[in-house]
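Each chain, letter by letter, is given below.
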Amino acid sequence: MTTGPFRLPAGGRLIDRSKPLGFRFEGRQMTGFSGDTLASALLGSGQRVVGRSFKYHRPRGILASGAEEPNALLGLGQGGRFEPNQRATTTPLVQGMVATAQNAWPGLNRDFGAINDALWRFLPAGFYYKTFMAPRRAWKSVFEPIIRRAAGLGRAPELPDPDRYEQAYGFADVVVVGGGIAGLNAALDAARRGGRVIVLEQAAHWGGRTPVDHPGGQGRVDALLAELRALRNVTLRRNTMATGLYDHGYLLAREALADHDPNAGLPRQRLWRIRAGHVITATGALERPLSFAGNDVPGVMLASAVRDYIVDHGVAPGRRIAVVTNNDDAYRTALVALDAGLAVPVVLDARPVADGLLPGEARARGVRVETGCGIARVLGRKGVSGVEFCAQDGSGAPLGTVDCDVIAMSGGWSPADHLWSHCGGKLVWDDARAFFAPDPSRQPTGADGRGNVTPVGAASGDLAVAALTGAADAAAILPVWVMPANAPAKMRFKMWLDFQNDVKVSDVELAAREGYASVEHAKRYTTLGMATDQGKTSNINGLAVLSATLDQPIAATGTTTFRPPYTPLTFGTIAAEARGAVFQPLRKTPIHGWHEANGADWEPVGLWRRPYCYPRGAETRGQAVAREIRAVRSGVGTLDASTLGKILVKGPDAGRFLDMIYTGMMSSLPVGKCRYGLMCSENGFLVDDGVAVRLAEDTWLCHTTTGGAERIHGHMEDWLQCEWWDWQVYTANLTEQFAQIAVVGPYARRVLAKLGGMDLSAAALPFMGWAEGELAGIPVRVYRISFSGELSFEIAAPANRGLQLWQAIHEAGAEFDITPYGTEAMHVMRAEKGFIMIGDETDGTVIPQDLNLHWAISRKKPDFIGKRAQERSFMASPDRWRLVGLESLDGRVLPDGALAVADGVNANGQRNSQGRVTSTYHSPTLDRPIAMGLVHHGPERMGEVLEFPVPGDSFRARIVDPVFYDKEGAKAEGAADG
Amino acid sequence: MADAITMTPLAGIAEIRGLGMVLIRADLGRAGDAIAEAAGLALPETGRFTTDGLRWLGWMSPDELLLIVPGSERGRAVADVAGALTGEHALVQDVSDMRCVFDVTGRKPGQVLAKLCPADLETRPRDGLRRTRAAQVACAVWRIDGAETGRGWRLIAFRSVRDYVAQVLAGAAAPGSDLDPR
Amino acid sequence: MLILTCPYCGVAAEETELHPGGEAHLTRHGPGSTDADFEWYLFARRNPKGVHFERWRHLYGCGKWFLAARDTVTLQVFGTYPAQSKYPPREIIAAIRADRPDWVPHWDEITGDSAPGVGNDPAPNPTPARDSFA
Ligand SMILES: [Zn+2]
């Protein structure tokens, strides 16, 4: 069975003619076979133009048959599965596939952007730089809108990707990248030496070029595979593209499991993160185009690709195939075409002599070979219709014309040295063979400093390894960088180097003339090699042209930097499982489920989720917060404080250690007592605060902020392990072991009394004391500490009993209308009391002295972390901004972070500032705005009014005492009847 | 107590509840024997664990052990170890509420962990204990092979990320996602 | 992505299991020190091109800090050793010298003493990067 006009009646080693597959391209229904790529199916259906070029919107056809394809980038799929820039040449055809062309507006055949092609004289290298540096009216009104409309490659998907992706970690002694003949041989060698061997092949089939290029090659491949499959220490993985090699043998590879086939039920792709002891790159080589005028016309293809489509897919890229080459290898295409019954009207060989085995065989089969010839002109615009040839060493005077519909070109082969180069391997230019190959003396190195990458086969520069026919049968290549050699400027304007980014020989020459002599500069100026194909087909040709223009050897020009990934990775693969509900870990307290069931409005605090408030009915957030605060101040409320850090510090030197960690004195804290403390960085800045509790003679429990638990625990361990390692102190981060519940308000004691088990009277448990016992039958530790100014108990219970305790408290508190409150109510209540909050009043530049917390800094201690830093002159300066309260003059809440302006302007011409708002709320308790801020000489300026201008408005506030509520502390003992 | 989270052709994930856990920090060179005796198990070597099938003693760091016992024994275990370390600079703490525990068993449990942990678990010794991460959270894993547990791996992580760990484990065990070459 | 072997638990941990801590072998200067000493200690870092000593914590592991000798250009790791080391142990120095014969230790400029690792000279302590919270 055949499909489409260009499907050959027989052949196609990879396709199954009994399984036709329907697909759509640009709305047209087409058919291919199982085993086709999208590219082979398009060619088989006679589809020549598959897209438009990036800058000039010239019609473009399929150039290659693999990952190096620059032209056939299509939009694939629909809806959430739409994906732009997919290479047709590496995309397996799937039943029902929907593909669209890119860069074509309004359509593939009538593209408005093609006007750029007519304007090519005005779009030289560096066009964008030149244009946007000096915009002129005409550009602004005429050209720029056109360019902007046409800019970009493909369109971004608009819906979430519905597919599943995953990652996996792999470990191997040897990873072989490339399952061609060289890779399989190397894998067998490695496997016989023992150790784990992984072989990665980007394609769905093994053998690389061997089965296409060598009679009997398939048999050799099959025999190797059979041997490898019998070895238990070998893993053979197909459809897996090694995308990058990184430090210490870290190799990323993408395994395609169900690409564009959502029906398979599999993860679509998997990213392998493989740690390789040694990497063998058997990545083959990439064929280079030739630079002749019109080399981008659809139908001009790489010679190897032409024979791939014939042999692999039974597809004829054309009926009359002209070959143009500077080497022997391209003659294989002529022979394959003849075998398939196609016409080969001419082989144009740039070399003066072509007397190798392959040219001989072609001549013997009657092929016309024109040596010393190149192409002067390609006939046809949307497809090749013929070729005008000329002498290669001339300036393009036509010698004759040949009718053809495909031009198979070969400019030689470049070893695929991407992985080698990703991780520091160096390349060396081989003048005779005209390519860069890995320099064995400058390998990438691993953790042990020894070379950890070995190229084999074509990737090592040994192109003959693929020549399994035995002989080094190829005659020498003739480097050809421009065809014909003395082509006039007019022709050079039509010679494409980078097909995807539309960079021509003339552009690189212009860049060189304008002073971009460095290959890295010329690349950026012209955008050569900067498209999604990363210049796989264009880089060498481009730097050869640059070298010629600069009149220097190619070795002196060097290459640009090879960067991963080898081919683009989709974001889904990189993100893998980290999306949706598990985008990042959410930390939940033991009481989380209750909060959820009771309508908590969540606030992220680090990775934790804490209730911001619990809105009831139609309440807004603000109304809920106000209600919660009133309930606490007049009755009783509960806060889930389980997220607070709880670090146990124990040992003979624990007191001495905590005296270093805190600014205050902790060693003098009596057993049974709690003390508020501050922690500074060695740079003197306030980093955390909390209540330390002395549990026993040698044991303290240090509470940190919610975000501080892991950070402060690490900080402590750092100093213990790295500075004072002879001190006898152990720490344990017990944050997760305990649920902690704050019961706060005038009736807090009465609620807890109902639970039974402990005497929590003021006499038994005074302020800043703690007690251990049982409440409601649950083992607890109760701390009498308060961040709201109200009577307050913080109760710690084993985490797995936390919910039970919370519920018992709510049951007992029902008669007092006990109210759960969230973080916002907590914040407002502490602000009403003038208590600072780490992260509000502090921002990494604030020292405790700025916050009038001198009382929490020991003057007796000879040392603590941050003490030396605070002795620096600017830390002790009276000019630092210091904490004050701010009273809005017009009853409006001050904007958070607003700056208070001062007279004059600074060096940048901005208004001078003299303070800023650090916390600002509406106080439901006082029914007016309250705020705190840091102000220059603040505490000495009570009563002064500051101005806080914001865009379009201005606020005025009076400097006042920061304690807005219960200055006498009368509330701390609760209700008189409590 | 085991609650099944998921069962696929790849693996079964079950949550284990009710274990007793004791954190022990001490100079293992000096106090190791006393701890081992109190725990009723041999002192594990670096990076290993010892177990009698019921109790389990794991090496967490050069000066830290984790003792896992049936939940009903937690109080006594804390008291026994603390008692054995009287007079010694040591920290012994009941941390039974601090972690979540999952067993990964079934046909290819190692593949589930291979998708989450950047550790070469395949080559770990049978009594190896590896602290690493699972996706984005810290964990520790070791092999299990018991009549009750089945053959596979046990993973512990912090309690607050229990839901996260359960979800990423279940995701990694999704049907059709085995790592065998295809 | 680096692999470093934790000297405490022997695990070859990848970089995502580790937490970096900056330059090792700094000397803490506390109250009473000169401004110049304090500045050097808190802010000045060698940032060498080549052999470097640095602090790492086996965060997703045993939790211990350790020190590594590493080439910042080639990423070769000469060895890792406990944080409680006054100066790099002999075998680390030997490993560096074996591959970097021209390497000159920098202790002199800090301590005024001759190179440690070959004698018993006092050398600077490993000290936390103090500005980690700054
Ligand atoms: Zn470790």
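Computed from a predicted structure; not experimentally measured. (Residues numbered from 1 in each chain as written. Chains lettered and ligands numbered in written order. Predicted model: local features only at pLDDT ≥ 70, side-chain atom pairs only at ≥ 80, totals over all residues. Heavy atoms only, no water.)

## What about the interface of chain A and chain B?
Moving on, step 1. With 51 residues of chain A at the contact, the number on the chain B side is 45 residues.
Moving on, step 2. Carbon and sulfur atoms supply 52% of the area buried between chain A and chain B, which totals about 3700 Å² over both sides.
Moving on, step 3. Counting the surface chain A buries against chain B, the share from its top three residues, Tyr 169, Tyr 730 and Glu 736 of chain A, is 21%.
Moving on, step 4. Between Arg 159 of chain B and Glu 736 of chain A there is a salt bridge, with the nearest N and O atoms lying 3.5 Å from each other.
Moving on, step 5. Between chain A and chain B we count 27 residue pairs in polar contact (both at pLDDT 80 or more) in total.
Moving on, step 6. Taken together, the elements giving at least two residues each to the side of chain A that touches chain B come down to β8 (165–177), β10 (234–237), β13 (269–281), β32 (645–650) and β36 (730–733) of chain A.
Moving on, step 7. Top element by residues in the side of chain A that touches chain B is β8 of chain A. It accounts for 5 residues.
Moving on, step 8. Per-class residue counts for the side of chain A that touches chain B are 25 nonpolar, 11 polar and 15 charged. (Contact = heavy atoms within 4.5 Å. Buried area = accessible area lost by both parts, 1.4 Å probe. Salt bridge = Lys/Arg side-chain N within 4 Å of Asp/Glu carboxyl O. Polar contact = N/O pair within 3.5 Å; in protein donor to acceptor, adjacent residues only side chain to side chain. Helix = DSSP H or I, 4+ residues; strand = E, 2+ residues; numbered from the N terminus. Nonpolar A, V, L, I, M, F, W, Y, C, P; charged D, E, K, R; others polar.)

## Some remarks on the interface of chain C and chain B
Moving on, step 1. Chain C puts 11 residues into the contact, and the matching count from chain B is 15 residues.
Moving on, step 2. The contact between chain C and chain B buries some 980 Å² in all, and 55% of this surface belongs to carbon and sulfur atoms.
Moving on, step 3. Three residues stand out in chain C for area buried against chain B, namely Glu 17, Tyr 60 and Lys 64 of chain C, and they jointly supply 44% of the buried area on that side.
Moving on, step 4. Our enumeration of links across chain C and chain B arrives at 3 salt bridges.
Moving on, step 5. Here Arg 130 of chain B ties to Glu 17 of chain C by a salt bridge, and the two come within 2.7 Å at their closest N and O atoms.
Moving on, step 6. Summed over the shared surface of chain C and chain B, the number is 6 residue pairs in polar contact (both at pLDDT 80 or more).
Moving on, step 7. For the side of chain C that touches chain B, the residue count by class is 6 nonpolar, 2 polar and 3 charged.

## Here's the deal with the coordination of the zinc ion
Residues and elements named next belong to chain C.
Moving on, step 1. Summarising the metal site, the zinc ion is bound by the protein donors Cys 6 (SG), Cys 9 (SG), His 58 (ND1) and Cys 62 (SG), whose distances to it range over 2.1 to 2.4 Å.
Moving on, step 2. Taken together, the 4 donor atoms coordinating the zinc ion span angles of 99 to 121° at the metal, a pattern that classifies the geometry as tetrahedral.
Moving on, step 3. Summarised as a motif, the one-chain spacing of the donors to the zinc ion is C-x2-C-x48-H-x3-C. Here Cys 6, found in the loop between β1 (3–5) and β2 (12–14), pairs with Cys 62, found in the loop between β4 (51–57) and β5 (65–71); they are 56 residues apart in sequence, far enough to count as distant.
Moving on, step 4. On the basis of relative accessible area, Cys 62 is assigned to the buried category, the value being 6%. (Donors = N, O, S within 2.8 Å, 3.2 Å for Na, K, Ca; no water. Tetrahedral: all angles 85-135°; square planar, octahedral: opposite > 155°, others 65-115°. Buried < 20%, exposed > 50% of the residue type's maximum accessible area, 1.4 Å probe, protein only.)

## Looking at the nonpolar core
Residue and element names in this part refer to chain A.
Moving on, step 1. Counting residues in each nonpolar core, the largest one holds 74 residues, and the members touching the most others are Leu 38, Phe 292 and Ile 407.
Moving on, step 2. If near-sequence neighbours (up to four positions away) are discounted, Phe 292 is found in contact with Val 300, Val 324, Ile 375, Val 378, Ile 407, Met 409, Met 483, Lys 494 and Met 495.
Moving on, step 3. Core analysis: the second largest hydrophobic core is formed by 47 residues, Ala 168, Val 453, Val 503 and Ile 540 among them. (Core = buried A, V, L, I, M, F, W, Y, C linked by side-chain atoms within 4.5 Å.)

## Describing the environment of Thr 638 of chain A
Residues and elements named next belong to chain A.
Moving on, step 1. Locating Thr 638 in the fold gives a position in strand β31 (residues 637–640).
Moving on, step 2. Relative accessible area serves as the criterion here: at 0%, Thr 638 is assigned to the buried category.
Moving on, step 3. For the pair Thr 638 and Ile 809, spaced 171 residues apart in the sequence, the C-alpha separation amounts to 8.5 Å.
Moving on, step 4. Setting aside anything within four residues of it in sequence, one finds Thr 638 in contact with Ile 741, Ala 742, Val 743, Trp 806, Ile 809, His 810, Ile 818, Thr 819, Pro 820 and Tyr 821.

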